[in-house]
Structure formats: structure tokens, C-alpha cells
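Spelled out, the chains give:
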Amino acid sequence: MSLCLVIDEMHPSLPEYLEPLGVTLHYRPDLTAAEVPAALAAHPYDGLMVRSKLRITAELLGHSPRLRYVARAGAGVDNIDEAAMAAAGVTLLNAPEGNRDAVGEYAVGLLLALLRNIARADQQVRAGQWHREANRGEEIGGKTIGLLGYGHMGRAFAKRLSAFGCTVLAHDHDPAVAADQYATLVTLQELQQRAEVLSLHIPYSAANHHFVDEALLLGFRNPIWLLNTARGEVLDHAALVRGLQTGQVRGAALDVLENEKLAALTPEQQARFAYLAAAPQVVLSPHVGGWSFQSYQRINEVLAYKIGAFLRSVA
């Protein structure tokens, strides 16, 4: 029998997936981050299931020496110290397969909203304004779409773009990443030479902090539309604002921000956010790209499969 502490809200199907595998759940989404260490120490847990409530650190792992795996209900693992996990012999399981379709669809929606001025036109009509020519938009068909990162999310987006008659290029620093029928893998330099749209699909890490900076944006031959459904911190928002001001960035659709705690922005972040919020060529949403009813349950399915495989491998 395996014991798993769940500290974040999960789709209610979780027990039906895990209990047949011999996993007993202690479902405690009521726990605060400060209360988790004591909860871990109180029982001999094999597993810990999290979303983004707290960081998984060496200090936290020390409260549960029997812990064998941490299951991250989602794709991003930027709140998990993977070096500390490896040092403690704890396996990391995450579920990008669970919400990749949701992200792929949402990225298409953001691109359409950006190119066809959907959000701006909606606001104008609600205000009694009827501006047709000012909202004449661009078609996806015929454009060259550049994807930075070609993992689960990038591939899901590229698959959906295949219906639009556009060219999809992708760059990934991992040499093991393979091309498929939906995108051609290219160097970063070729991506910058050819792309008219840049969509970000790289995870956040210290190495990727502000990977998309002013130098990278200025390296694009064409002024670009920019999408970010990855993590806010991979994009230098100061560089984005300058790009929008100069026209190097024609427009931006952001599902993620540099600081998503809007009540706790620094003065510099507040100034950047105010500019983005007022800019008519910017579309904003509250980190909901992977947040569908279907993905909510599918993440449980993926984690259950991976937990079951892990437990069988160590039995």
C-alpha cells in the first residue's frame, strides 16, 4: 500500500484512478504552504502531489525521508528543485500530456484574437462603436509561424496550425527533439530570418530566464506578433514593451506574465503592466491556456498512469 499526500485542488476523479493501484490518498488542499512540512512529517508518505502551492526544496524533502515521488499536476516544474530531488532519490513525475491539447487550442485562439483584433473589436462594439476598417485583420494562412520550443505544447500548437495553410518552423535546444509532419526544425538564426509570428513554448529555468530579450527580438528580420503560453519569466517584459513601442513587435498575446500576483507588482512591473493593459495591440488572459474541464480530468489520468508505472518499477 502506497500513501500519497495531495496538497492542491484536483479533479474529483483522482481516487477512482489511484485507489485501484493501491494508492491511499490524503486529500488536503486546505493545507497552507507553511503547514505542508508538518503534514509530511506526520505520516510515512511515498508520494506528494502538487500544483504550484509551494516550492519543492531540499529543506521540504527533509521532512519526509520516505518520500519516493513528487507528482506535479501539470506541465511546468519551475517550482521544483530538481537537483534537490535527485540528491534525495525522489522521482519527479509531471503531466504535460494532460493539458497539451488545451494549450494547443488556446494558442490558436490567442493568435486569431491577435491577428483579427477580436478582443479590441468586442470592447468597441460593447461601447457602441462600429469600426470595420480599423479592425481589418491578418489571416494565418500564408504566414510563417515560429515556435520556440518543440515539446508537448509546441507540437500540439503546430498540429492545429496545419489546417490553416501556414508554414511552421520550430527551434529547440535539445538535439534529441525530432521534426514531424507539422513543423520543420531550424536554427534560432533561421527562425529569426523567416518567422512573422513567434510563439513561446519553453519551460522556465534559470538558464531560460529572459531568454527572449531585446537582442533576440531585434534579431528578427520581420516585425513579429508574439504569443506566450509558457511562463512569463522566459520573456523580458521591458524588452517586450520597447518592442511594442518601436513596432518591432506588432502585437502580443500573453497568457502568462512576469509576476502574476497583480496585487504585489513592483513599481517597475506595475509600469510595464499598465502599458500592456492599455495597449490596443495586446491580448491578456490569466494563465488559463491549459485550464479546460477536459484537461482537469486528463491530468489525473496521466499522473495515475505514471504513478502506477513508477510503483511497479520499484516494487
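Position numbers for residues count from 1 along each chain, tracking the sequence in the order it is written. Thresholds applied to this predicted model are a pLDDT of at least 70 for local features of residues and 80 or more for the giving and counting of side-chain atom pairs; totals over whole chains, interfaces and linings are not thresholded and use all residues. With hydrogens and water excluded, all non-hydrogen atoms of the structure serve as input to the side-chain values.

**Things to note about the packing of aromatic side chains**
Each pair of aromatic rings taken from Phe, Tyr and Trp, with Trp reduced to its six-membered ring, is defined by centres within 6.5 Å and is described as stacked if the planes are under 30 degrees apart, edge-to-face if over 60, and tilted in the remaining cases. According to the stated counting rule, one finds one aromatic pair in the structure shown. Judged by centre distance (5.6 Å) and plane angle (65°), the ring pair of tyrosine 69 and phenylalanine 310 falls under edge-to-face. Of this pair, tyrosine 69 sits in strand E4 (residues 69–72) while phenylalanine 310 is found in helix H12 (residues 293–314), placing the two residues 241 residues apart along the sequence. In this structure tyrosine 69 comes out as buried when scored by relative accessible area, which is 0%. A 1.4 Å probe rolled over the protein chains alone gives each residue an accessible area, and that area as a share of the maximum for its type sets the label: buried under 20%, exposed over 50%, partly exposed in between. Among the residues examined, phenylalanine 310 registers a relative accessible area of 11% and is labelled buried. Here a helix means four or more residues in a row that DSSP labels H or I, a strand means two or more in a row labelled E, and each is numbered from the N terminus.

**Re the packing of helix H5 (residues 96–115) against helix H7 (residues 152–161)**
For the pair H5 and H7, the least separation of the axes is 8 Å and the interaxial angle reads 50°. The orientation of H5 relative to H7 falls into the category oblique. Relative to H7, the crossing made by H5 is right-handed. Here Pro96, Glu97, Asn99, Arg100, Asp101, Val103, Gly104, Glu105, Ala107, Val108 and Leu111 of H5 come into contact with H7, specifically with His152, Met153, Ala156, Phe157, Arg160 and Leu161. Among the residues forming the contact of H5 with H7, the class breakdown is nine nonpolar, three polar and five charged. Axis lines are fitted to C-alpha atoms, over the contacting stretch for helices. Their N-to-C directions set the angle, which ranges from 0 to 180 degrees. Should an angle fall under 35 degrees it is taken as roughly parallel, and over 145 as roughly antiparallel, whereas 65 to 115 is taken as roughly perpendicular and any remaining angle as oblique. In this scheme the handedness of a crossing depends on how the near helix is turned from the far one: anticlockwise by less than a right angle means left-handed, clockwise means right-handed. Contact definition: two residues touch when any of their heavy atoms are within 4.5 Å. Classification used: nonpolar for Ala, Val, Leu, Ile, Met, Phe, Trp, Tyr, Cys and Pro, charged for Asp, Glu, Lys and Arg, polar for all others including Gly.

**Brief notes about the sheet that holds strand E11 (residues 249–254)**
Being paired, for any two strands, means DSSP has found at least two bridges between them. Taken together, the seven strands give an open sheet; going across it, the order is E8-E7-E6-E9-E10-E11-E12, and neighbouring strands pair in parallel fashion. Edge strands, defined here as strands with exactly one partner in the open sheet, are strand E8 (184–185) and strand E12 (282–284). For E11 and E12, the ladder comprises three bridges, and the chain directions are parallel. Within the sheet, the bridge partner assigned to alanine 253 lies in E12 and is valine 283. Of the strands in this sheet, strand E6 (144–148), strand E9 (197–200), strand E10 (224–228), E11 and E12 touch H5, which is tilted by about 145° from E10.

**Here we look at the packing of H5 against H12**
Contact pair H5 / H12: the axes reach a minimum separation of 7 Å and the direction vectors enclose 155°. One element, H5, and the other, H12, form an angle in the roughly antiparallel class. The residues of H12 that touch H5, namely those facing Pro96, Glu97, Gly98, Asn99, Asp101 and Ala102, are Ser295, Arg298, Ile299, Val302 and Lys306.

**A closer look at the domain arrangement of the chain**
Taken as a whole, the chain is organised into domain 1 (2–94 + 293–314) and domain 2 (99–284). If you look at the interface, domain 1 gives eight residues, while domain 2 gives six residues. Values labelled buried area give the accessible surface lost by two parts on being combined, using a 1.4 Å probe and summing over both. Across the domain 1/domain 2 interface, buried area totals approximately 500 Å², and carbon plus sulfur atoms make up 52% of it. Any carboxyl oxygen of Asp or Glu within 4 Å of a side-chain nitrogen of Lys or Arg constitutes a salt bridge here. Inspection of the domain 1/domain 2 interface yields one salt bridge. The salt bridge partner of arginine 231 is aspartate 78, with a shortest N-O separation of 3.0 Å. Under this definition, polar contacts are N or O atom pairs within 3.5 Å; protein pairs additionally need one hydrogen-donor-capable and one acceptor-capable atom, and for neighbouring residues in sequence, both atoms have to be side-chain atoms. Joining domain 1 to domain 2, the criterion identifies one residue pair in polar contact (both at pLDDT 80 or more). Looking at the side of domain 1 that touches domain 2 element by element, the count peaks at three residues for H12. Residues of the side of domain 1 that touches domain 2, tallied by class, amount to two nonpolar, three polar and three charged. Throughout, the edges of the domains are those of an automatic or database domain assignment.

**Description of the environment of leucine 235**
Structurally, the position occupied by leucine 235 is in the loop between E10 and helix H10 (237–246). Separated by 11 residues in sequence, leucine 235 and isoleucine 224 place their C-alpha atoms 14 Å apart. With residues near it in sequence (within four places) discarded, leucine 235 still touches Leu200, His210, Val212, Leu226, Asn228, Leu240 and Leu254.

**Notes on the side chain of arginine 51**
Structurally, the position occupied by arginine 51 is in the loop between strand E3 (47–50) and helix H3 (58–61). Lacking a salt bridge, the buried arginine 51 has aspartate 8 as its closest oppositely charged neighbour, with an N-O distance of 6.1 Å. A polar atom in the side chain of arginine 51 sits 3.1 Å from the backbone oxygen of alanine 73. The contact partners of arginine 51, leaving out residues within four places of it in the chain, are Asp8, Glu9, Met10, Arg72, Ala73, Asn79, Trp291, Tyr296 and Ile299. His is not counted, nor are the chain ends; Lys and Arg add positive charge and Asp and Glu add negative charge.

**Let's talk about the side chain of lysine 143**
For lysine 143, the position within the fold is in the loop between helix H6 (118–126) and E6. Within the local environment of lysine 143, its side chain forms a polar contact with the side chain of glutamate 138, the two groups lying 2.9 Å apart.

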